Structure formats: structure tokens, C-alpha cells
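Residues per chain, in single letters:
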Amino acid sequence: MGQKSVQGEGTRERVPHARDLGWDDSLYGERGGAGKGRRARIGRQARSDEQDAEAGDTATAEDSGDDPGSGHRLGGPRRGKRGKRRVLRWVASVLSLLILGTAGAGYLYYEHLNSKLKKDDLTLGDKMREHQANAAGQTPLNILLIGSDARDSKKNQELGGAKDTFGGTPLADVQMLLHLSADRSNISVISMPRDTVVKIPECKDPDTGKTFAATGWTLTNESLGRGGPGCTVATWYELTGITIDHFMMIDFAGVVSMADAIGGVPVCVEKNVYSRNRQGQGSGLKLEAGTHPVKGEQALQWLRTRYGFDDGTDLARTRAQHMYMNSMVRELRRNTKLTDPAKLRNLAEAAIGALTVDKGIGSVKELYDLGEELKSVPTGRITMTTMPNFYSQRPGFSGKVEPQPGDAEQLFRLVREDIPLDGKAPTKKKPTTAPAASKDAAAAPGEIAVMVQNGTSADGRFAEKGRATAVAGILADKGFTRAQADASTNPQANTVIRYSNAELEGDAQAIAKSLGIPLTSVKKSTDVTGITLIVGADWRQGDTYPKTAPKDDNKTPTSAKPLNGENDKACMPVQDGFTW
């Protein structure tokens, strides 16, 4: 690295490494059957064969992250002071993305931080649909936050945990989807419990070329070990239909180091709690009743605690993590206005060292630009939720959960349609009359081509087998002989008809009328070519669209347990038997 210096600092001192606290999952109970197998892949792109040979182990948060051809991107002539100040305002972006929109400033070197940033492919599955812009031409932004349980470094292993998991396949034990609204006024977050039963799509490891076949029912946290974070992204898209723009994989130990840098994160328990039972299970967290700042290993214990919180399940741990993240947002917004270079340096090193991102945000400058979009959202417009779920009845998945039919799809739909989860969406006037019939005369039924897709899995149940073929047959019987079934699935809560251009509006409405589908469900869309009928979860059976089909409402389900980012009164209930 060159000998650049920041105005007022003189010659640059050596930038210290962040603390390498490891995400420890030893007290979670079952690990979801990952076993040993494939080694942790954090920072895969950053590693060279020579580095692997020297290290004899997989990369950790301390890896250099050098990307051949892209490291030290600002080499050459020195930048002017004005440009240097602008580039070195990276802290706002890093912290904003890691903890939902905080802002700050600092004096670290762009080149050093850029070399530490680890990168990977966004998705290893099918191509995701493009966003639909709102009336102002704005589009939302979705970022999947992933917490890996990898224990592949010596320091991580020194923190404890089952030795048979050291160097094993990493699990995506924390998964949160962050949705920034198209108008940038609010943020919604959906957490998926790590023990959620899903089907993981086919994924291909971009490094080895190995293809992982699509799975039957399994746990969502296993997706990370099937080619990397891009497979976790593909799994989310397959389940929710939400287009994901970026991912950030985080070693939660980095978040703990950030807690140290700001002096601790306030958390609250309703009673004295000690997370340890007679069988030795528990995180070891010991707190008195009330609110206390946690940092270091105690903060790590808070994030790991399952036994001792609420009902002792993974869902209780998710609630505690929500409280921690909300509290950290508030603390960072209070503290990052400080200009102490050493404090900001420690904060930044912890953040960057713990981070792996997709290649679309693969530089500090790109993170900065992304952070600028997030930092203006007030904490009062941040809503944390948990995917509505129920305990699975499938053999072999006792104690695991599945998306709750109806409520889970409702939550996913609100995010897909960019409707805020805090209930503060602008009031829309209800149409006083039904949509007008198209002025474009419809062609004869036998001349209208339509593709029929099966979207009946949107309610959390299995897709109704052969539904697209059945509806295509119904259309053929009504004279629409060019109707064809598409083998692909496209989950939709409600049946819709989409057409690509105005000349097809009359034809699309003719199809709707023949099946009894309301004209409000017929819309122009750039996502289709020609006319596409998507049979939704509201029409799983029958030859005619049901007249009593449920109407949409835009309320966040109470089963999602929404928590507002400004709520500093939230306090974790303590499980019986874990008080002192």
C-alpha cells in the first residue's frame, strides 16, 4: 500500500485488524444435518492457491480479500484532498448496510478497506424478475443479510463449540431480508427462522463447477453449503418470489466488535436470566432483570441465546436478535457523529472484516452509494418481522417450522408490492366503478394465444399438480384453442392475467370474462411476452374462478410479530427454569 495520508493525520499508522470473535452455534441443539463435508467458503474469491497452501485452512474474516485485478484500485497519482475526503466517507455506507441505515464519517484508507472486502456471485439459481417501477419511476431495493456459523479459524474455535463442526460446511443460521421502499421512506425486514423447512433449488458452485441438485424437504440454513450465499439467495427467491438485488454475508462476531467500538448495545430482560441448564445447554448469558449494555462475548451470547428466552425455541432467539439490531441502530446513530479516528477505525475494521457481498456492490465506493440510500430512513419507519410459521408435521422434522399458509404469503406479497409493514402506506382511493372494457376489440377465441402458469403454491401448500394444464384445457373447451400450459411455476396468491402491450388488452379481457375472472385482475406488464394467465392459490380447483375469492388487505399479519425500530421499551421474556 502506498504512503498516502489523510489531512491532519500525518503519516499513516498501521491499521489494526478487527477482533476475530467467531459465531458460535454450539448450544443451538441440532445443526440441521449439515455434518462435516465442504469447508467454509467465506472469502472464497479472495483466496489464492498459494494462500491456501500456506494457511492450511479456509479463509476467515482476516483474509486480505484481494481480488486480482481489482485491489488497490486507486493506485497511481495521489488524489487531491477534496477527492480523498469524499472517498474516505466510507463508514456511513458500511454501517448503514450492516445495521439498517446508520450514518457516520471516518478517516480510513479506501485501498486498504477495498482489499479486505470479500465478494461472491449474487444468485446460483434462475434469473430473477426485474422490479416494477412505481408511478414516479422508482424501484425498491432488497438486500438479503446472511449470518454464517462457520468455525474455520483458530480464534473462532477457541470460543468453543462442538469440535466435530470445526472446518465443516457452514450454515446460514441467520437470514434477514431487508426491503428499502421505492420512495426510500421506509425499511421492512423479514427474518426466516434457520429451522424453516423448504425445498432448495438446483445451485452450481461458481468456483468448482459442481452442481448441487434440487433437494426435497430440508432446512433453509443448509443452502449456504450448496455453492455459497448465492444458493441462499436462490432459495429465498424460490420461496417468496421477491427479487433480491444484493446480499451481505456477515460474521456476527463483526457486529459484536462493532458493539465494543460504540461502548455496548443496550438490551433488556424481564427477569434475571442465566442461559444454562443441567444438561449444559445454553449460551452462558447471565444478566440481571432490566436494561444493560452488552458487548464482547456477552453480546455474542445474547445473539446465540435460545435456552432461557421466552419459550426456549429458535423463534425466541430471532426476537432477541431483532431487539439487538434495533438497539444497535439507535446507538450507532447516536455515536457515529463522533470524529475520534481510532474509534471509527476499529468500527470500520470490524465491519469490513466480517463482510462478504455480491459482486454488484463489490467495492467500498459501491457500498457507500448504497449506504447513502439507506441512511435517511428514520428508525420509526423500520419494521422488523418474523416469517409467520407453524411447526412442521413432516416425518423427520419435529420441532422445525414451515411458512404459515396465508399469513406468510401475505407478508411476502406486501414486500413484493412495496407496501410498508408499519401500516403507513398512503391511502388510495377505491375505484367507484369497475374497470372499463377495453376499446380494443378482442380477436376470435381461436386466434388468441395464452400461456397458463401454475401459481397455486403461493399459500404455503404444495402446488396443485397439473393445474396449469387443467385451466388450459378449460380455455380450449371455450374456444381458446391456442392456450398452452407452461411447466414453470410462478407463485401468486390471487389469479392474474398479464399482457405485454395495449393491442392485447381486449384479448386478455376476453379470456378473463370467459373464466369469470374480474377485470381488476387483468393488467399490462413488462414481465410477460404476449398474454400470460397465472392460476393463483385462490383457484386451486374448479372450472370457474370462485366468486368468493378472498380480497387483499394490506395489513401486516400479527403472526409476523412486527417490532418498530424506535421501540426502546422491548424486553425479552425469560423462560421458566432459567432465572436466578
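Residues numbered from 1 in each chain as written. Predicted model: local features only at pLDDT ≥ 70, side-chain atom pairs only at ≥ 80, totals over all residues. Heavy atoms only, no water.

Draft legend 1. Region of the structure containing the packing of aromatic side chains. Across all of its chains, the model carries two aromatic pairs by this definition. Where Trp539 meets Tyr545, the ring centres are 5.9 Å apart and the plane angle is 85°; that geometry is what we call edge-to-face. For the pair Trp539 and Tyr545, one class covers both residues: buried. Residue placement shows Arg394 over the ring face of Trp217; its charged tip is 3.9 Å from the ring centre. (Phe/Tyr/Trp six-rings, centres within 6.5 Å; stacked < 30°, edge-to-face > 60°. Buried < 20%, exposed > 50% of the residue type's maximum accessible area, 1.4 Å probe, protein only. Lys NZ or Arg CZ within 6 Å of the ring centre and 35° of its normal.)

Draft legend 2. Local environment of the pattern of salt bridges. According to the stated counting rule, one finds 14 salt bridges in the structure shown. Between Lys359 and Asp121 there is a salt bridge, and its shortest N-O distance comes to 2.7 Å. Of this pair, Lys359 sits in the loop between β14 (355-358) and α11 (364-374) while Asp121 sits in the loop between β1 (118-120) and β2 (141-148), placing them 238 residues apart in sequence. Given the relative accessible area of 45%, Lys359 is considered partly exposed. Residue Arg194 is joined to Asp195 by a salt bridge in which the shortest nitrogen-to-oxygen separation is 4.0 Å. Salt bridges linked by common partners bring Asp173, Arg194, Asp195, Asp314, Arg317 and Lys400 together as one network. (Salt bridge = Lys/Arg side-chain N within 4 Å of Asp/Glu carboxyl O. Helix = DSSP H or I, 4+ residues; strand = E, 2+ residues; numbered from the N terminus.)

Draft legend 3. Structural context of the state of the cysteines. A full pass over the atoms with the stated rule returns two disulfides. Each sulfur in the disulfide pair Cys203 and Cys231 lies 2.2 Å from the other. Across the S-S bond of Cys203 and Cys231 the torsion is about 80°, and the bridge reads as right-handed. A residue pair is termed long-range when its members are at least 10 positions apart, and Cys203 in strand β6 (residues 203-204) and Cys231 in helix α6 (residues 229-240) qualify at 28 residues. The residues Cys203 and Cys231 share a single accessibility class, namely buried. What pairs with Cys268 in a disulfide is Cys571, and their sulfur atoms sit 1.9 Å apart. (Disulfide = S-S within 2.5 Å.)

Draft legend 4. Structural view of the sheet that holds strand β22 (residues 531-536). The five strands are arranged β19-β18-β22-β20-β21 in an open sheet whose pairing can be described as mixed. Taken across any chain shown, the strands that pair with only one partner, and hence form the sheet edges, are β19 (483-489) and β21 (522-524). Along the sheet, successive strands turn relative to each other by an average axial angle of 25°, direction set aside. Pairing analysis gives three bridges linking strand β20 (residues 496-499) to β21, with the strands arranged parallel. When the bridges of β21 are listed, Tyr499 appears paired with Lys524. Across the sheet, helix α13 (residues 467-477) touches β18 (450-455), β19 and β22, and the angle it forms with β18 is around 145°. (Pairing = 2+ DSSP bridges. Axes fitted to C-alpha atoms, helices over the stretch in contact; angles between N-to-C directions. Contact = heavy atoms within 4.5 Å.)

Draft legend 5. Quick look at the nonpolar core. Counting residues in each nonpolar core, the largest one holds 54 residues, and the members touching the most others are Trp302 and Tyr324. The contacts of Trp302, once residues within four sequence positions are left out, are Val267, Cys268, Val269, Leu285, Leu287, Phe309, Ala320, Tyr324 and Met572. Within the second largest apolar cluster, 25 residues are counted, among which are Ile474, Leu475, Leu504 and Tyr545. (Core = buried A, V, L, I, M, F, W, Y, C linked by side-chain atoms within 4.5 Å.)

Draft legend 6. Expanded view of the environment of Leu533. Positionally, Leu533 belongs in strand β22. Classification of Leu533 by relative accessible area gives buried; the value is 0%. A sequence separation of 47 residues divides Leu533 from Asp486, and the C-alpha atoms of the two residues are 9.9 Å apart. When neighbours within four sequence positions are excluded, Leu533 is seen to be in contact with Val450, Met451, Val452, Gln453, Val471, Leu475, Thr495, Val496, Ile497, Leu515 and Ile517.

Draft legend 7. Spatial organisation of the pairing of β20. Burial along β20 is two-sided: the face carrying Val496 and Arg498 and the face carrying Ile497 and Tyr499 are both buried. Strand direction decides the pairing type here: β20 and β22, joined by four bridges, are antiparallel. If you follow Val496 over to β22, its bridge partner there is Ile534. Between the parallel pair β20 and β21, the chain is carried across by helix α14 (residues 505-515), and the sense of this crossover is right-handed. (Right-handed = clockwise from strand over helix to strand, strands pointing away.)

Draft legend 8. Expanded view of the environment of His131. With respect to the secondary-structure elements, His131 resides in the loop between β1 and β2. For the pair His131 and Thr526, spaced 395 residues apart in sequence, the C-alpha separation works out to 9.9 Å. Those residues within four positions of His131 in sequence are excluded, and the remaining contacts are Thr139, Pro140, Asn142, Thr243 and Asp245. At 2.9 Å, the side chain of His131 forms a polar contact with the side chain of Asp245. (Polar contact = N/O pair within 3.5 Å; in protein donor to acceptor, adjacent residues only side chain to side chain.)

Draft legend 9. Representation of the pairing of β18 in the model. Counting buried positions along β18 gives five out of six residues, so the element sits mostly inside the fold. Sheet topology note: the β18/β19 ladder contains four bridges and is parallel. In the strand pairing of β19, Asn454 is matched with Thr489.

Draft legend 10. Spotlight on unusual backbone geometry. The residue Arg184 is not glycine, and still its phi comes out positive at about 65°. With respect to the helices, strands and loops of the structure, Arg184 is situated in the loop between β3 (172-180) and β4 (187-191). Its identity as a non-glycine residue notwithstanding, Asp418 has a phi of 60°, on the positive side. Along the polypeptide, Asp418 turns up in the loop between α12 (407-416) and β18.

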